[in-house]
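Descriptive structure summary
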Amino acid sequence: MKVVVQRVNKASVVVSKKEVGKIDKGLLVFVGFTHNDNIDNIKYIVNKIINLRIFDDESGVMNLSIKDKNYEILSVSQFTLYADTKKGNRPSYINSLNYVEAEKLYNLFNDELRKTGLKVETGIFRSDMNVSLENDGPVTIIMER
């Protein structure tokens, strides 16, 4: 399981010219799954995401988490996080989990995020999505489990 977490002032997802997910201040999380991912990986990553101290405190120091600030999360599935570019110029996605299993894990991931009490918006799995964001910082963290 791999996630790219971006601190944002706002972010949204549009599918077929319709906005399907939108947040204000918070985190945009791109998530991809690989073989052998499971609920334990999901719980570990969710715990890391909600406890990452990447928001400024009153002194301007990144010392607060999304949980501390009660901000929002936009979760977007992205199988291309597992692109392998070692050979040639066309990425291989053999390390990406098949979409049937990945969708189950993506739904579990979003369920676990929602259990934290934070507002969680999503894109639409297996859709061609247009993602817009205003990166704050920029702060971008990549995590893998």
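Notes on the structure in this doc start here.

Procedures and definitions
Residues numbered from 1 in each chain as written. Predicted model: local features only at pLDDT ≥ 70, side-chain atom pairs only at ≥ 80, totals over all residues. Heavy atoms only, no water. Helix = DSSP H or I, 4+ residues; strand = E, 2+ residues; numbered from the N terminus. Rg over C-alpha atoms; globule rule 2.2 N^0.38 Å. Areas by Shrake-Rupley, 256 points an atom, 1.4 Å probe, with all protein chains shown as cover. Lys, Arg positive; Asp, Glu negative; His and termini not counted. Charge placed at Lys NZ, Arg CZ, Asp CG, Glu CD. Buried < 20%, exposed > 50% of the residue type's maximum accessible area, 1.4 Å probe, protein only. Contact = heavy atoms within 4.5 Å. Pairing = 2+ DSSP bridges.

A word on the overall build of the chain. Within the chain, the secondary structure is distributed over three helices and eight strands. Of the regular secondary structure in the chain, the N- to C-terminal order runs β-β-β-α-β-β-α-β-α-β-β. What you see for the chain is a C-alpha radius of gyration of 15 Å, in line with the 15 Å of a compact globule of 145 residues. By principal-axis analysis of the C-alpha atoms, the chain measures approximately 45 × 35 × 30 Å. Of the accessible surface of the chain, which amounts to about 8300 Å², a share of 45% is contributed by carbon and sulfur atoms. In the chain, which carries 21 positive and 19 negative side-chain charges, the distance between the mean positions of the two groups comes to 4 Å.

Time to look at the environment of Thr-122. Looking at the element boundaries, Thr-122 is found in strand β7 (residues 120-122). Looking at Thr-122, the relative accessible area reads 18%, which means it is buried. The spacing of Thr-122 and Gly-21 is 101 residues in sequence and 5.4 Å in space, taken between C-alpha atoms. Every residue in contact with Thr-122, bar those within four places of it in the chain, is listed here: Val-20, Gly-21, Leu-74, Ser-75, Tyr-106, Asn-110 and Arg-114.

Inspection of the sheet shows strand β1 (residues 2-15) paired to strand β2 (residues 18-23) by five bridges, in the antiparallel sense. What sits directly across from Val-15, in β2, is Lys-18.

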